[in-house]
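Residues per chain are reported as follows:
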Amino acid sequence: MTDIVNMKGMNKYFGPLHVLKEIDLTVAKGEVVVVIGASGSGKSTLIRCVNGLEEFESGELTVDGHPLAPRSGNPQSLAEIRKEVGMVFQQFNLFPHLTVKQNIMLAPKKVKDASQSEASEIAERLLNRVGIGNQADKYPTHLSGGQQQRVAIARALAMDPRLMLFDEPTSALDPEMIGEVLDVMRELAKEGMTMMVVTHEMGFAREVADRVIYIHEGRIVEEGKPADVFDNPQNERTQAFLSRVLAH
Amino acid sequence: MEFQFQFDWQAAIDSIPFLIEGIPYTLMISFGGLIIGFGLGIFFGLLSINKNWFLRWPATAYIEIFRGTPILVQVLFIFYGLPDLIGAPIEPLTAGIAAIALNSGAYISEVVRGGVQSIDKGQTEAGLSLGLSRNQTFWSIVWPQAFRRMIPPLGNQAIVSIKDTSLFSVIGVGELVRQGQIYIANTFTAFEVYFVVAILYLCITLTLSIILRFVERRGLASV
């Protein structure tokens, strides 16, 4: 089985609100899937279900062979999934009481029982990879937004994930810092990382995505290669959305 | 007859050695009580934010009872009331420490609850998504940050509890106020002695304030 993510008929509610409707979606190994849609469409909720930050009410979800039951009914699978799936958040969510390097070392040490020197090695390698090897001993708040988000990516990579989830990774950044974060993501994609990305960066989606998914009111209404979705959208809702976001 | 009051400096100075004998008791009761109170505060504070109602209600009951009744009544109950129940006398010192522990524990529970709840949910999500367990996420990510925010209100509670020990003169613990009362009974120099007692409390609380300010600055510097 080469599918890393497999969703079948998944439904998610926030109280009476039906936020994800009958979602069928597979993500193959090495694939980059970009999820687009208006705010409130359910796109963030969709990827947050993949590592169990949100529970779903019905349907099936399998991540890297581990089945997740509705309402977090399968805690053992969930624990395994979280070890194998990295996540990058809109607000970075770095740990402010730890240095940049300690942020990255924490999970390898706690979850994989890596020694201090092993974890330190991992951290240095990854910080160099995202281009901030010289900031290792600073606290996150002393870095720019773009640097913080690159640390967050390095932190997720430290667990050697099979899948990376990006939840609007550039939405909280000043415009001049968006490029440096997208560059790191582009590199990751090139190296074959499986990725699910929620973003408003249409240029990035067009260039990097293997597949683009458009979500409207909790339903996947369009799905296809970026060129097809962007240049020749079939659904009128996709057309309306794209004309709004691509207009400026 | 003309009344002229004169502050008797000599009487004040003479009282100091006797009064100072009370300080170890004041410190023992307040810090002994506060250390246990901190343990109670962590335990009940964390219980009070549990999702499970069944675990939450004992914490709520404890907090409401010990915040909602005067500490003087609590210590009288422990010292005079409880021995009837357990059939053995309770040492005044023990009763004092227990009262501070139970009382400060209730307030510290609220401090712990507030501190933990003030930490952004994104911190927990980041920890969980890295594969840390709920416990690991809490103790290595949420708690260290929450604790830093708890330092000022904890310091505040420590100062309140130190002053509360003065009430325990009623059960005969030889703390500062009790020493003062004994001294005055022999010398009738109430003005001078209570003045010195007040100054001695101030010495303790100011020292604590200075230490706390230092700790706080160090704690915040690394965030």
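Identification of chain B as Putative glutamine transport system permease protein GlnP from Marinobacter confluentis is taken from an unreviewed UniProt entry. Taken directly from UniProt, the Function (unreviewed entry) text for chain B runs: "Part of the binding-protein-dependent transport system for glutamine; probably responsible for the translocation of the substrate across the membrane." For chain B, the Sequence similarities (unreviewed entry) comment in UniProt is given as "Belongs to the binding-protein-dependent transport system permease family. HisMQ subfamily."

As annotated in an unreviewed UniProt entry, chain A is Amino acid ABC transporter ATP-binding protein from Marinobacter confluentis. Here chain A is described in UniProt, under the heading Sequence similarities (unreviewed entry), as follows: "Belongs to the ABC transporter superfamily." In its Subcellular location (unreviewed entry) section, the UniProt record describing chain A reads: "Cell inner membrane".

When its secondary structure is counted, chain B shows nine helices and zero strands. Element order for chain B, N to C, with α for helix and β for strand: α-α-α-α-α-α-α-α-α. For chain B, the C-alpha radius of gyration of 22 Å lies well beyond 17 Å, the compact-globule estimate for 223 residues. Principal-axis analysis of the C-alpha atoms gives chain B an extent of 80 × 50 × 30 Å.

Helix-helix packing: each pair is described by the crossing angle between the helix axes and the interaxial distance. Residues and elements named next belong to chain A. Packing of helix α3 (residues 100-112) against helix α5 (residues 145-157) leaves a shortest axis separation of 8 Å and a crossing angle of 25°. What the angle tells us is that α3 and α5 run roughly parallel. In the packing of α3 onto α5, the handedness of the crossing is right-handed. For the pair α3 and α5, contact is made by Val100, Asn103 and Ile104 and by Val151, Ala154 and Arg155, respectively.

Time to look at the interface of chain B and chain A. Interfaces are frequently sized by the accessible area removed from exposure as the parts join. Taken residue by residue, the interface counts 19 residues in chain B and 22 residues in chain A. Carbon and sulfur atoms supply 61% of the area that chain B and chain A bury against each other, a total of about 1800 Å² over both sides. For the pair chain B and chain A, the number of links is one salt bridge. Salt-bridge contacts for glutamate 125 of chain B lead to arginine 48 of chain A; the nearest nitrogen and oxygen are separated by 2.6 Å. Our count for the contact surface shared by chain B and chain A stands at six residue pairs in polar contact (both at pLDDT 80 or more). For the side of chain B that touches chain A, the secondary structure elements donating two or more residues are α6 (121-129) and α7 (134-164) of chain B. For the side of chain B that touches chain A, the leading source of residues is α6 of chain B, giving seven residues.

On to the UniProt feature "domain: ABC transporter" (unreviewed entry) in chain A, then. Residues annotated in UniProt with the feature "domain: ABC transporter" (unreviewed entry) correspond here to residues 5-242 of chain A. Spanning residues 5-242 of chain A, this segment combines 39% helix with 26% strand, and its end C-alpha atoms are found 26 Å apart.

Moving on to the UniProt feature "transmembrane region" (unreviewed entry) in chain B. Residue and element names in this part refer to chain B. Using the residue numbers shown here, the UniProt feature "transmembrane region" (unreviewed entry) corresponds to residues 25-49 and 193-215. End C-alpha to end C-alpha, residues 25-49 measures 35 Å, and it is 92% helix and 0% strand. Secondary structure within residues 193-215 divides into 100% helix and 0% strand; the distance between the first and last C-alpha atoms comes to 33 Å.

The biggest cluster of nonpolar side chains holds 51 residues, and the ones touching the most others in it are Ile36, Ile153, Met164, Phe166, Met185 and Met195 of chain A. With eight residues, helix α6 (residues 175-190) of chain A is the largest single contributor of residues to this core. The contact partners of phenylalanine 166 of chain A, leaving out residues within four places of it in the chain, are Ile47, Val88, Ile153, Met185, Leu188, Met195, Met196, Val197 and Val198 of chain A. By size, the runner-up hydrophobic cluster in this structure holds 45 residues, among which are Ala99, Ala146, Leu176 and Val177 of chain B.

Cut-offs applied
- Residues numbered from 1 in each chain as written.
- Chains lettered and ligands numbered in written order.
- Predicted model: local features only at pLDDT ≥ 70, side-chain atom pairs only at ≥ 80, totals over all residues.
- Heavy atoms only, no water.
- UniProt positions renumbered as here; feature names shortened; annotations may be inferred.
- Helix = DSSP H or I, 4+ residues; strand = E, 2+ residues; numbered from the N terminus.
- Rg over C-alpha atoms; globule rule 2.2 N^0.38 Å.
- Axes fitted to C-alpha atoms, helices over the stretch in contact; angles between N-to-C directions.
- Parallel < 35°, antiparallel > 145°, perpendicular 65-115°, else oblique.
- Left-handed = near helix turned anticlockwise from the far one by under 90°.
- Contact = heavy atoms within 4.5 Å.
- Buried area = accessible area lost by both parts, 1.4 Å probe.
- Salt bridge = Lys/Arg side-chain N within 4 Å of Asp/Glu carboxyl O.
- Polar contact = N/O pair within 3.5 Å; in protein donor to acceptor, adjacent residues only side chain to side chain.
- Core = buried A, V, L, I, M, F, W, Y, C linked by side-chain atoms within 4.5 Å.
- Buried < 20%, exposed > 50% of the residue type's maximum accessible area, 1.4 Å probe, protein only.

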